[in-house]
Amino acid sequence: MIDAVATDSSSNTSNDKPRRARRTRMTGAERRQQLLEIGRTLFATKGFEGTSVEEIAAKAGVSKPVVYEHFGGKEGLYAVVVDREMRRLLDMVTSSLTAGHPRELCEQAAFALLDYIEEYTDGFRILVRDSPIPQSTGSFASLISDIATQVEDILGREFKNRGFDSKLAPLYAQALVGMVALTGQWWLDVRKPKKAEVAAHLVNLAWHGLDGLEPKPRLIGHRKN
């Protein structure tokens, strides 16, 4: 009987010890994604130079070597973040170009960029910064060039149909996409007027030129906001 009591006492003493909170271990893929999301937010708000590996690690609740293990350092993490955002924006633009009428195609391209700015603001802030990494995965200028290449084919067909020199299509594609991109940088902060109105005015200028501007441009496609 005494042994039984002793055993129970020992058991109670063991149960009285404070229990450590169990920490859920992340898989390698989950930790990598977490670091990417933290890095993306910090790079957008503080820039590359203003962000440190120490801060990234602290926000993730890990040690600095974990960041180095996954990305080789801050530069590697930044390069992956930029590459992901570039591919996201390019995919949004190219997948949006579905209309048959050239003017509506211009509308779709403008909406795609403005949609990206609205939905992925942090990503756009990162892209429009000058990359501090030599020979990085890309830059905003190279991304604009990639998008312009998609638009170039559309303009080339339209130029040919109208009897214009189709060799000039690349020039006009760069001009049009650059115009939308720079306007997007401005709209990023002011957010006025509304997105649909910005798209309408961009297409108004692109479609009519300064000489033929409509005083109150309208959208012809199904997108109204």
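See the structure printed just above.
Residues numbered from 1 in each chain as written. Predicted model: local features only at pLDDT ≥ 70, side-chain atom pairs only at ≥ 80, totals over all residues. Heavy atoms only, no water.

Trainee: Can you walk me through the side chain of Glu104 in this structure?
Mentor: Secondary-structure assignment places Glu104 in helix H6 (residues 102–119). As a buried residue without a salt bridge, Glu104 has its nearest oppositely charged side chain in Lys224, at a separation of 8.4 Å. Look past the residues within four positions of Glu104 in its chain and what remains in contact with it is Ala99, Ile220, Gly221 and His222. (Helix = DSSP H or I, 4+ residues; strand = E, 2+ residues; numbered from the N terminus. Buried < 20%, exposed > 50% of the residue type's maximum accessible area, 1.4 Å probe, protein only. Lys, Arg positive; Asp, Glu negative; His and termini not counted. Salt bridge = Lys/Arg side-chain N within 4 Å of Asp/Glu carboxyl O. Contact = heavy atoms within 4.5 Å.)

Trainee: Can you help me understand the layout of surface pockets in this one?
Mentor: If a probe as big as a water molecule is rolled over the atoms, it shows which places are left empty. In this structure, the largest pocket encloses a volume near 480 Å³. For the lining of the largest pocket, the elements supplying multiple residues, two or more each, are H6, helix H8 (140–162), helix H9 (169–190) and helix H10 (195–208). Residues of the lining of the largest pocket, tallied by class, amount to 13 nonpolar, two polar and three charged. (1 Å grid on protein atoms, 1.4 Å probe; cavity = no way out; pocket = protein on both sides within 12 Å on 5 of 7 lines; lining within 4 Å. Points joined across faces, edges and corners; volume = space filled by probe spheres on them. Nonpolar A, V, L, I, M, F, W, Y, C, P; charged D, E, K, R; others polar.)

Trainee: Looking at this structure, how should I read the nonpolar core?
Mentor: Side chains of a nonpolar character, in soluble globular proteins, are inclined to be buried together. In this structure, Phe43, Ile56, Leu89 and Leu127 are the most contacted members of the largest nonpolar core, which totals 53 residues. Per element, the largest residue contribution to this core is eight residues, and it comes from H9. Residues in contact with Leu127, not counting those within four places in the same chain, are Val82, Glu85, Met86, Leu89, Tyr116, Phe140 and Leu143. If you look at the next biggest cluster of nonpolar residues, it comprises five residues, including Ala99, Leu105, Ala109 and Ile154. (Core = buried A, V, L, I, M, F, W, Y, C linked by side-chain atoms within 4.5 Å.)

Trainee: What exactly am I supposed to notice about the side chain of Glu107 here?
Mentor: Within the secondary structure, Glu107 sits in helix H6. Arg103 provides the closest opposite charge to the buried, salt-bridge-free Glu107, at an N-O distance of 4.1 Å. Here Ile220 takes part through its backbone nitrogen, which lies 2.9 Å from a polar atom of the side chain of Glu107. Leave out the neighbours within four places in its chain, and Glu107 touches Val203, Arg218, Leu219, Ile220 and Gly221. (Polar contact = N/O pair within 3.5 Å; in protein donor to acceptor, adjacent residues only side chain to side chain.)

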